[in-house]
Amino acid sequence: SDNQTVSAPVKPSPSSPPPTAPAINAKALELKKENRDFLLGMHREMQLIRRFEERAQEQYTKAKIGGYCHLNIGEEATVVGGILALKSNDWVFTSYREHGHAIARGVDPKAVMAELFGKETGTSHGRGGSMHLVDYSRRFMGGYGIVGGHLPLAVGGAWAVKYRKQPDVVFCMFGDGATNIGAFHESLNMAKVFDLPVVWFCVNNRYGMGTPVEKASAVADVYKKACAYDMESIQIDGMNLREVMLRTSEIVEKTRKDSVPRFIESLCYRFRGHSVVDPDKYRSEDDKVKWRKADPIVAFEHELETSGLADEEYFKNVRQKVDAEVKDIIQYADDSPDPNPNDLYKYTYAGEWDDRPELRAESV
Amino acid sequence: SDNQTVSAPVKPSPSSPPPTAPAINAKALELKKENRDFLLGMHREMQLIRRFEERAQEQYTKAKIGGYCHLNIGEEATVVGGILALKSNDWVFTSYREHGHAIARGVDPKAVMAELFGKETGTSHGRGGSMHLVDYSRRFMGGYGIVGGHLPLAVGGAWAVKYRKQPDVVFCMFGDGATNIGAFHESLNMAKVFDLPVVWFCVNNRYGMGTPVEKASAVADVYKKACAYDMESIQIDGMNLREVMLRTSEIVEKTRKDSVPRFIESLCYRFRGHSVVDPDKYRSEDDKVKWRKADPIVAFEHELETSGLADEEYFKNVRQKVDAEVKDIIQYADDSPDPNPNDLYKYTYAGEWDDRPELRAESV
Amino acid sequence: MATAVKAEEKLYRVALREALAEEMERDDTIFLIGEDIGKFGGAYRVTEGLLDRFGPQRVVDAPIAEEVIVGTAIGSAMLGLRPVVEMMTINFSLIAYDQIVNNAAKIRYMFGGEVKVPMVIRMPGGAGHQLSAQHSHSFEVLYGLIPGLLVVAPTTPEDAKGMLKSAIRSDNPVMFLESMSLYNTKGQVPEGDYTTPLGKAAVRRSGSDITIVGVSRMAVLANEAARQLEEEDIDAEVIDLRSIRPIDWPPIVESVRKTTRCAVVEEGWSTYGVTAEVAAGVQERCFDYLDAPVRRLGGAQVPMPYAMGLEKASIPTSEDIKRLVRSTLGKKPDV
Amino acid sequence: MATAVKAEEKLYRVALREALAEEMERDDTIFLIGEDIGKFGGAYRVTEGLLDRFGPQRVVDAPIAEEVIVGTAIGSAMLGLRPVVEMMTINFSLIAYDQIVNNAAKIRYMFGGEVKVPMVIRMPGGAGHQLSAQHSHSFEVLYGLIPGLLVVAPTTPEDAKGMLKSAIRSDNPVMFLESMSLYNTKGQVPEGDYTTPLGKAAVRRSGSDITIVGVSRMAVLANEAARQLEEEDIDAEVIDLRSIRPIDWPPIVESVRKTTRCAVVEEGWSTYGVTAEVAAGVQERCFDYLDAPVRRLGGAQVPMPYAMGLEKASIPTSEDIKRLVRSTLGKKPDV
Ligand SMILES: Cc1ncc(C[n+]2csc(CCOP(=O)(O)OP(=O)(O)O)c2C)c(N)n1
Ligand SMILES: Cc1ncc(C[n+]2csc(CCOP(=O)(O)OP(=O)(O)O)c2C)c(N)n1
Ligand SMILES: [Mg+2]
Ligand SMILES: [Mg+2]
């Protein structure tokens with residue numbers, strides 16, 4: 001009905017934002033009292049993403065969410081550690097598996113869920129869906145659906161940063177599968193030839209759909225590919241939050257200083273199928289069990305617990321709070337208005353060319 | 001006029017073919033009497049290509065040749081050494097700068113020149129021109145005009161060879177500029193993932209049009225790019241005929257044996273502009289002079305002379321013979337018939353679909 | 001068409017699978033290559049089971065690298081194999097567009113007939129699953145435009161099987177355009193080995209008032225619309241274009257000369273779409289017979305939106321086709 | 001159009017260069033990127049001298065890597081720059097087709113208007129220089145098809161300059177289609193800063209017997225043909241389409257309603273070509289006024305052959321246009 005639709009986005013009331021990084025260095029990440037707030041903030045962020053994704057899967061089953069829906073479950077340390085290592089003036093370009101990326105970057109989770117629900121209040125006003133989240137104000141420059149297709153855009157972002165002599169870094173995230181496509185090669189080469197401030201961050205979750213990295217890539221250790229561009233490159237344990245954050249931050253700050261591109265491979269595993277409808281028959285049970293034992297949230301909780309910074313009671317409390325928050329998020333998405341069908345053509349063009357009749361199809 | 005055109009190709013009377021390689025090894029290439037015939041044969045081949053190209057340039061000026069016309073002058077050692085290292089059952093895919101490649105492969109130079117003249121007797125019956133020479137009988141699978149676009153085809157060729165368990169190697173030649181495009185990356189990766197019998201042969205003449213290799217490629221030593229595919233790779237002196245031939249042959253035979261792809265970078269220089277109309281203002285005189293001093297033909301003649309295998313008298317004689325041969329070649333091309341305009345649509349499709357009226361444009 | 005005697009109800013996806021399997025049994029130069037067509041079973045499960053049956057040499061899981069996948073097919077075809085590529089969806093074929101246009105389509109001609117390129121690229125297109133801007137388009141016209149290609153879009157299980165066999169047996173590069181939304185549809189499939197020719201349209205329903213030409217899935221919807229229009233005493237003839245290059249003009253011309261009116265419908269964008277060519281060609285060929293302009297209908301000219309309501313508003317429905325027909329007949333579009 | 005008072009004869013290539021230089025002076029967010037546009041001076045010398053004038057930050061010689069060249073432009077535009085890409089020829093744009101279609105054209109929409117992509121891709125097309133199959137095609141329709149893009153093809157030096165300025169100032173991705181064969185043509189170019197609007201056709205010649213709509217260089221030939229047809233007492237109106245997306249229908253419709261006949265000509269392939277859309281759209285809009293079907297003419301539907309005679313036979317000439325006009329008028333095509 002008409003009063004269910006608005007054309008102007010309804011800005012959600014902000015959820016609790018991700019923790020702000022202090023200066024990130026080994027000291028700030030030590031499991032010590034003085035770092036407690038920040039560490040627990042990151043823990044909470046991982047839990048929020050986990051719960052968000054679990055409930056997104058459920059909402060998909062209820063047909064509240066459609067299309068493709070790719071989850072970050074299992075990748076939380078890589079996602080949170082990688083993105084929280086950035087400064088607010090940095091820019092993020094990423095793939096379609098990016099709910100957690102957006103949330104970690106401070107995009108309001110309500111707007112993320114609303115986008116998954118295809119609502120006007122979504123980050124992309126319901127036009128993009130799960131694969132195309134965006135938030136210019138957070139310099140979260142989008143999720144993209146063509147594998148490898150956003151790497152050239154990250155080069156362009158870094159180009160603009162350098163052109164304007166700004167102290168920003170572009171952070172470009174992509175999967176292991178994306179490293180075999182031509183755009184990957186062109187992008188890394190171009191970035192190095194022009195010394196652009198971009199950090200390439202490969203989320204190596206070992207599979208591109210049903211294909212393991214070693215069956216698709218001549219080198220299974222993806223970070224080695226950077227040798228062809230004479231580019232500094234590291235491989236990190238993507239299940240270890242503190243390692244991801246520390247080493248990412250080191251690389252990002254180096255690049256900020258010298259405007260030379262660098263490469264990070266973060267080793268992790270997705271605990272669910274490629275997308276929520278994938279029966280996931282191509283990975284062995286052994287493999288799944290092995291990786292589940294390395295659950296990045298459990299691992300971090302273990303660290304927090306053994307160092308006396310938190311206990312199971314605390315974790316339980318966080319889970320409850322996060323659960324409640326995600327309930328609110330879903331409620332918000334559910335209550336939000338659909339896009340107005342009259343706005344179908346809106347946004348096709350910018351400025352004077354937007355929504356002009358001569359740019360519509362023939363009307364019947 | 002109509003009797004100037006035929007639709008069936010007129011097969012030229014064969015020119016003297018390139019020398020056939022004996023078993024190629026260091027011994028067979030030593031500057032010794034027993035190798036004299038073969039060594040002089042290769043010398044003659046380089047001279048033939050040089051003269052062919054010089055006269056092609058001249059014929060272009062006379063408007064006998066049109067379109068783009070890219071010469072091999074300066075690259076003769078790379079071209080002859082590389083291609084004569086192959087066996088007759090090997091397959092060649094190459095770029096638009098391929099007159100010499102075709103001739104060295106044994107494609108009749110008359111048919112090559114006739115193609116440049118756009119004649120029905122050309123290798124491609126006048127349809128392809130300078131950039132698109134072909135000769136299936138010689139397994140010369142074509143010159144291609146989209147930079148890097150033929151590398152995927154070479155993968156396909158190697159795929160077919162392996163599929164049929166044949167003892168052939170695919171030899172794929174391309175420029176330094178082509179190593180920066182996506183298709184290069186996809187092709188090398190795919191070749192390695194499936195262990196296909198292909199040898200990648202980069203003719204690094206230091207420039208892609210007006211752009212020096214170090215301004216376009218993150219690594220100026222192109223052979224290093226193979227590290228990203230865990231591929232054996234060598235750099236050779238492309239001005240030294242015997243080195244090119246020996247080392248190419250070693251690599252090709254290894255690949256024939258184990259069906260693992262390998263990479264060769266042959267360092268050379270084109271003595272003319274990118275194409276015959278290029279005023280070539282972007283390279284320094286110093287550079288040009290330096291490289292001209294390394295003229296691969298002069299260098300080889302020097303070797304032959306100091307080892308007593310030939311003298312200036314002999315070389316003069318070869319030049320005269322080759323000059324006469326190229327005159328004949330040009331005469332042949334000139335005398336050959338144009339394609340029949342009625343055959344304009346012929347070859348658009350194969351089999352029953354060829355030249356069918358419903359596949360033509362609307363007739364007026 | 002060599003229709004065999006018996007027939008059985010089968011899914012469109014199964015009919016395709018049978019065509020692949022039967023052809024592969026017949027000719028061992030045929031191999032399949034694509035992303036996740038083997039172990040994963042194919043994004044749309046067309047190739048399910050074929051890896052087990054034919055092994056990894058003939059059912060090849062390739063890296064995500066569309067250019068070299070297509071290039072591999074072309075190169076191997078030049079050397080005598082008969083590759084069948086599965087492009088996960090037509091949207092990704094844009095990455096391989098240079099290979100398809102500048103190599104697959106042109107190699108035979110630019111080499112003066114010295115080589116041929118017998119290959120098939122199968123790919124599904126279309127919208128309706130909330131896959132949004134980068135995964136929902138049709139793009140048939142990108143291939144229809146190119147001399148050197150044959151382009152077909154089967155809409156029934158029978159045609160899917162018969163035309164895929166013809167495509168595989170053809171010595172030309174054939175773009176075989178499937179529709180995501182048709183994989184789960186059922187229809188009679190003749191038993192035994194039969195082929196359905198490329199290059200032929202099919203009259204799906206005869207009628208006297210108007211000719212509706214449908215492209216791909218829209219031919220199915222056109223049929224539905226035509227059935228419903230009976231109630232309004234509108235007797236529509238429906239032609240399934242089937243062949244996008246070349247267009248099979250004779251049955252279309254014959255039909256329009258009889259009905260004197262023509263409406264054309266596609267799921268993709270109609271401006272510069274397949275329907276543009278059909279409309280232009282019909283008026284050229286039937287001008288003196290036409291009682292009304294040829295009318296077109298296509299998808300909304302926007303990158304496909306995600307939200308269900310917006311997406312629905314972007315894809316032609318049988319109701320839309322009925323409105324198009326009514327207005328082509330000079331009636332009010334809405335009843 | 002804000003035509004300034006004085007005008008001078010200039011080459012099309014020079015007019016383009018002036019537009020680039022003047023806009024770059026005006027707005028330092030503009031930069032140029034392409035292959036060999038700097039030190040080499042541009043394959044067609046459009047950018048000659050600009051490297052010296054603006055330096056290597058703003059005139060960028062890129063590797064041969066069309067995907068990332070276009071992607072760099074898109075990404076930098078999203079962050080607020082105004083890149084102008086030179087694609088050496090439109091043939092190479094096929095490699096970047098995914099970037100153009102799936103990113104440049106869709107980003108604004110799929111992100112619900114949160115970002116914009118102000119950029120221009122300049123690229124020459126067309127045949128006539130014996131460049132054969134992989135270097136000689138027109139492909140306008142590939143871009144005309146895509147919602148989110150604006151597509152123009154200027155044919156005079158005045159338009160080249162004025163429309164390039166408009167394109168650079170637009171907040172949308174604009175495909176700016178030049179013609180290799182027009183670079184050396186001359187025409188009056190107004191002095192001072194002026195812009196020519198995008199999205200507008202131009203009536204180049206008024207006449208009463210027939211409307212000829214020409215695409216890109218064919219608009220120039222159509223004018224020539226029209227002049228020659230005077231001798232045969234045929235009074236042709238000539239419209240230069242100029243804007244391929246969107247098509248500027250009002251002047252075309254007005255003209256055809258007046259002349260009652262229409263012929264459309266392009267250098268590219270006409271089946272599924274630009275002329276298909278124009279013909280389809282004209283009969284839709286002018287059906288009751290038309291005295292004959294809209295006729296089309298395009299290049300021969302083959303990969304462009306190299307041999308001069310074959311190539312000549314593949315490209316429409318003014319003689320061909322005259323034949324097309326005569327037959328659209330119901331006369332014998334040849335006199
Ligand atoms: C160019 C292209 N080809 C194919 C696809 C289909 N596809 C979507 S995701 C995917 C796997 C990507 O794997 P990876 O890069 O490792 O990312 P992950 O999904 O594991 O996060 C494929 C093949 C696509 N979206 N784009
Ligand atoms: C994809 C593509 N982009 C641009 C061009 C234009 N072009 C033709 S040759 C060439 C330079 C290629 O350099 P390189 O690979 O080093 O080969 P070389 O000409 O030196 O033999 C360029 C840019 C092209 N043909 N194809
Ligand atoms: Mg992965
Ligand atoms: Mg070079």
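Further up the page is the structure itself.
As the structure is a prediction and not an experimental result, all values here were calculated from the model. (Residues numbered from 1 in each chain as written. Chains lettered and ligands numbered in written order. Predicted model: local features only at pLDDT ≥ 70, side-chain atom pairs only at ≥ 80, totals over all residues. Heavy atoms only, no water.)

(A) Region of the structure containing the sheet that holds strand 10 (residues 210-214) of chain C. Residue and element names in this part refer to chain C. Judged by pairing direction, the sheet is mixed, and its five strands sit side by side in the order 9-11-10-13-14 without closing on themselves. Each edge of the open sheet is held by one strand with a lone partner, namely strand 9 (202-205) and strand 14 (295-299). In this sheet, adjacent strand axes meet at a mean angle of 25° when their direction is disregarded. Sheet analysis places strand 10 next to strand 11 (residues 236-240), joined by five bridges and oriented parallel. Residue pairing for strand 11: Ile-212 is matched across the bridge by Val-238. Relative to strand 13 (residues 262-269), helix 10 (residues 274-286) is tilted by about 160°, and along the sheet it contacts strand 10, strand 13 and strand 14. (Pairing = 2+ DSSP bridges. Helix = DSSP H or I, 4+ residues; strand = E, 2+ residues; numbered from the N terminus. Axes fitted to C-alpha atoms, helices over the stretch in contact; angles between N-to-C directions. Contact = heavy atoms within 4.5 Å.)

(B) Local environment of the coordination of the magnesium ion (ligand 3). Residue and element names in this part refer to chain A. The protein atoms donating to the magnesium ion (ligand 3) are Asp-176 (OD), Asn-205 (OD1) and Tyr-207 (O), with metal-donor distances spanning 2.0 to 2.1 Å. Mapping the donors of the magnesium ion (ligand 3) onto the primary sequence yields the spacing D-x28-N-x1-Y. On the basis of relative accessible area, Asn-205 is assigned to the buried category, the value being 5%. Judged by its relative accessible area of 13%, Tyr-207 is buried. (Donors = N, O, S within 2.8 Å, 3.2 Å for Na, K, Ca; no water. Buried < 20%, exposed > 50% of the residue type's maximum accessible area, 1.4 Å probe, protein only.)

(C) A look at the sheet that holds strand 12 (residues 243-245) of chain C. All names here are of chain C. A sheet is described by the order of its strands in space; here seven strands give the open sequence 3-2-4-5-7-6-12, paired in mixed fashion. Each edge of the open sheet carries a strand with a single partner, namely strand 3 (59-61) and strand 12. On average, each strand axis in the sheet is inclined to that of its neighbour by 20°, with strand direction left out of account. Bridge analysis of strand 2 (residues 30-34) against strand 3 gives three bridges, and the strand direction is parallel. Within strand 3, the position partnered with Gly-34 by the bridge is Asp-61.

(D) Expanded view of the coordination of the magnesium ion (ligand 4). All names here are of chain B. Every protein donor of the magnesium ion (ligand 4) is listed here as Asp-176 (OD), Asn-205 (OD1) and Tyr-207 (O), and their distances to the metal cover 2.0 to 2.1 Å. Sequence spacing of the donor residues for the magnesium ion (ligand 4), all on one chain, is D-x28-N-x1-Y. Of this pair, Asp-176 sits in the loop between strand 4 (170-175) and helix 6 (182-193) while Tyr-207 sits in strand 6 (residues 207-208), and the two are 31 residues apart along the sequence. Summarising the burial analysis for this pair, Asp-176 and Tyr-207 share the class buried.

(E) Broad picture of the packing of aromatic side chains. Within this structure, the stated rule accounts for 37 aromatic pairs over all chains. With a centroid separation of 5.5 Å and 85° between ring planes, the pair formed by Tyr144(B) and Phe111(C) is classed as edge-to-face. In this pair, Tyr144(B) is assigned in strand 3 (residues 140-144) and Phe111(C) in the loop between helix 5 (107-110) and strand 5 (119-125), connecting two distinct chains. For the pair shown, Tyr144(B) and Phe111(C) are each scored as buried. Ring centres of Tyr97(C) and Tyr143(C) lie 5.6 Å apart, and the angle between their planes is 65°; on these two criteria the pair is classed as edge-to-face. Separated by 46 residues along the polypeptide, Tyr97(C) in helix 4 (residues 97-104) and Tyr143(C) in helix 6 (residues 140-144) bring together distant segments of the chain. Taking relative accessible area as the criterion, Tyr143(C) reaches 0% and is therefore assigned buried. Joined through ring pairs, the aromatic side chains of Trp159(A), Tyr163(A), Phe194(A) and Phe31(D) make up one cluster. The ring of Tyr207(B) has Arg283(B) sitting right over it, with the charged end atom 5.7 Å from the ring centre. The lysine or arginine in question, Arg356(B), covers the ring of Trp353(B), its NZ or CZ lying 4.0 Å from the ring centre. (Phe/Tyr/Trp six-rings, centres within 6.5 Å; stacked < 30°, edge-to-face > 60°. Lys NZ or Arg CZ within 6 Å of the ring centre and 35° of its normal.)

(F) Main features of the relation of the copies chain D and chain C. Once turned by 180° and shifted 0.0 Å along the axis, chain D lies on chain C with an RMSD of 0.0 Å. Considering both components of the superposition, the chain copies are consistent with a two-fold axis. The C-alpha atom lying nearest the rotation axis in chain D is that of Ala280(D); the distance is 2.2 Å. Counting the interface residues of chain D, we find that 100% of their copies in chain C are interface residues as well, pointing to one common contact surface. (Least-squares fit on C-alpha atoms with pLDDT ≥ 70 in both.)

(G) Examining the interface of chain C and chain B more closely. Each partner contributes to the interface: chain C provides 51 residues, whereas chain B provides 45 residues. Here chain C and chain B share an interface that buries about 3,900 Å² over both sides, 66% of which is from carbon and sulfur atoms. Applying the counting criterion to the chain C and chain B interface returns zero salt bridges. Remark: the boundary between chain C and chain B carries 19 residue pairs in polar contact (both at pLDDT 80 or more). Going through the elements one at a time, strand 2, strand 3, helix 3 (66-78), helix 4, helix 5 and helix 10 of chain C are the ones with two or more residues in the side of chain C that touches chain B. Considering every element that reaches the side of chain C that touches chain B, the biggest residue donor is helix 3 of chain C, with nine residues. Counted by class, the side of chain C that touches chain B contains 23 nonpolar, 15 polar and 13 charged residues. (Buried area = accessible area lost by both parts, 1.4 Å probe. Salt bridge = Lys/Arg side-chain N within 4 Å of Asp/Glu carboxyl O. Polar contact = N/O pair within 3.5 Å; in protein donor to acceptor, adjacent residues only side chain to side chain. Nonpolar A, V, L, I, M, F, W, Y, C, P; charged D, E, K, R; others polar.)

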